[in-house]
Amino acid sequence: MAEHVILFAGPMGVGKTTAIRSISEIGVVSTEADNTDRETADKPTTTVALDYGEIAVGEDEKVRLYGVPGQRRFSFMWRILAERAIGMILLVDNSAADPIADLLAGIDDFRELIDRGGAVVGLSRLDAAPRPTVLEHTAAIAAAHPGLMIPVIPVDPRAAGDVRLALMTLIATIEMRDAFRPEEAR
Amino acid sequence: MSTPVLLRIDVVGAGTIAIDPRRHAYSGDLDLARLPEHPTAVVVETHPADHGDAGVDGPGRDLDGLLWRIGTVAFDDRPASWRWPGDRYRMLRWPNLGEIGAGPDDLRALAMLATTAATPEEVAAATGADRGRVERIVNALGLIGIVDSGSAAPPQPSAPVVQRRGLFQRLRDRLGF
């Protein structure tokens, strides 16, 4: 069975579970528990290990979608899941207190995966908080990580079309980087 | 010292837009989907940036969308006038995909130009995209100002790298993307 693992990462409450639910062909398996940090995200439960969904590409091939827990105390899970992944969709809530900081922290946390595979940034709640703009997020990445080019896409995690666009952009990026990786890095 | 300007563009019969290049934003009643490929008349006005009536309303929309639309239709399938034959192009940043309505072939072409410098011909050969469409994409990226050009070395794909039936294509078929 060929499998392709894609991570959905980002702070607690950004919409990772919802995004996976939008495009998964199976009921999303979630391991949630009571949220004891209502100050960070005002929702009754939060993911403590992972969410799981999948898309069957053929009889013997699946895209596995894993949502990683947003809270830093579960960061040991990030490493375990990242090892199996080919890429990541990093969700950032543009209405958060400091979305640029969330963006850059997410890149730092998964830099190895980003360099090895690829990443797409999905900006949510842009309608409620239009600044920083997509361009400003892109500029922040370029300033903090010269040479690193990551697509930044407005994403409503509830909208399957938005999440599909992010996923397809990620796959296109990964395939092209694989195709044109320098000989010494292959 | 240069003075920042605002632009006001009236596409006769289609609508009017205000552009603020400093904010990379535009606003107005011009529906991009209805922007004629060959408008009968276009009136362009410039105003100093402190001109009260000519500014962009609210946060505006990302200028990428407008420039992409113009760049992909203004020169048909031919290279834009500022381009040189044989140049290879490499993208400097991704355009705002939420604004440009990129199709699957566009995505693959953009992903390649984000990865390596290539001519439109090389992009078309590697991705299977229509050559004319790639010319339009490069024109649009040039108009947005996010593509570098020059005589870089040709791209070196690891064969058979650009798989016509790679995961992207299989997933595209599966999702009806």
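Here's what I pulled together on the structure shown here. (Residues numbered from 1 in each chain as written. Chains lettered and ligands numbered in written order. Predicted model: local features only at pLDDT ≥ 70, side-chain atom pairs only at ≥ 80, totals over all residues. Heavy atoms only, no water.)

Observations concerning helix α6 (residues 160-179) of chain A
Under the 1.5 Å per step criterion, the end-to-end length of α6(A) is 28 Å for 20 residues, consistent within 8% with the ideal 28 Å. Within α6(A), 14 of the 20 residues are buried, leaving the element largely enclosed by the surrounding structure. (Helix = DSSP H or I, 4+ residues; strand = E, 2+ residues; numbered from the N terminus. Expected span 1.5 Å × (residues − 1). Buried < 20%, exposed > 50% of the residue type's maximum accessible area, 1.4 Å probe, protein only.)

Describing the sheet that holds strand β1 (residues 5-11) of chain B
Residues and elements named next belong to chain B. Read across the open sheet, the 5 strands follow the order β4-β1-β2-β3-β5; overall the sheet is antiparallel. Of all strands in the sheet, those bounded by a partner on one side alone are β4 (42-48) and β5 (61-62). Of the pairings in the sheet, the one linking β1 to β4 comprises 7 bridges and is antiparallel in character. Counted as the bridge partner of Arg8 is Glu45 from β4. (Pairing = 2+ DSSP bridges.)

A word on unusual backbone geometry
Note that the residue after Arg131(A), namely Pro132(A), is joined by a cis bond; omega there is -5 degrees. With respect to the helices, strands and loops of the structure, Pro132(A) is situated in the loop between β6 (119-124) and α5 (134-144). Even without being a glycine, Arg125(A) presents a positive backbone phi close to 60 degrees. The topology assignment puts Arg125(A) in the loop between β6 and α5. Judged by its relative accessible area of 38%, Arg125(A) is partly exposed. Residue His24(B) is not a glycine yet carries a positive backbone phi of 50 degrees. Topologically, His24(B) is positioned in the loop between β2 (15-20) and β3 (25-28).

Let's talk about the pattern of salt bridges
What the rule picks out here adds up to 24 salt bridges over all chains. For the salt bridge of Arg88(B) with Glu122(B), the shortest nitrogen-to-oxygen distance reads 2.7 Å. Remark: Glu122(B) occurs in helix α4 (residues 120-127) and Arg88(B) occurs in strand β6 (residues 88-91); sequence separation between them is 34 residues. In the salt-bridge network here, residues are joined through shared partners; they are Glu3(A), Glu54(A), Lys62(A), Arg64(A) and Arg84(A). (Salt bridge = Lys/Arg side-chain N within 4 Å of Asp/Glu carboxyl O.)

Points about the nonpolar core
Core analysis: the largest hydrophobic core is formed by 71 residues, its most contacted members being Phe8(A), Leu97(B), Leu110(B), Leu141(B) and Leu171(B). It is α6(A) that provides the largest number of residues to this core, a total of 11 residues. The residues contacting Leu171(B), other than those within four sequence positions of it, are Ile55(A), Val57(A), Val63(A), Leu167(A), Met168(A), Ile171(A) and Gly176(B). Of all hydrophobic cores here, the second largest spans 30 residues; its members include Ala82(A), Leu90(A), Val121(A) and Val134(A). (Core = buried A, V, L, I, M, F, W, Y, C linked by side-chain atoms within 4.5 Å. Contact = heavy atoms within 4.5 Å.)

Things to note about the packing of aromatic side chains
Residues and elements named next belong to chain B. Summed over all chains, the structure comprises 3 aromatic pairs over all chains. With a centroid separation of 5.4 Å and an interplanar angle of 90 degrees, the aromatic rings of Phe75 and Trp82 are classed as edge-to-face. Given a relative accessible area of 38%, Trp82 falls into the partly exposed group. (Phe/Tyr/Trp six-rings, centres within 6.5 Å; stacked < 30°, edge-to-face > 60°.)

Digging into helix α1 (residues 63-73) of chain B
Residues and elements named next belong to chain B. Most of α1 sits inside the fold, with 9 of its 11 residues counted as buried. Among all positions in α1, only Leu63, Asp64, Gly65, Leu66, Leu67, Trp68, Gly71, Thr72 and Val73 are buried. Summarising the contacts, the buried residues of α1 are in contact with β2, β3, β5, α2 (97-100), α3 (104-115) and α5 (131-144).

Topic: the environment of Pro11(A)
Residue and element names in this part refer to chain A. For Pro11, the position within the fold is in the loop between β1 (2-9) and α1 (16-23). Taking the C-alpha atoms as reference points, Pro11 and Ala105, 94 residues apart in sequence, are found 9.5 Å from one another. Once residues lying within four places of it in the same chain are set aside, the contact partners of Pro11 are Lys16, Gly70, Leu91 and Asp102.

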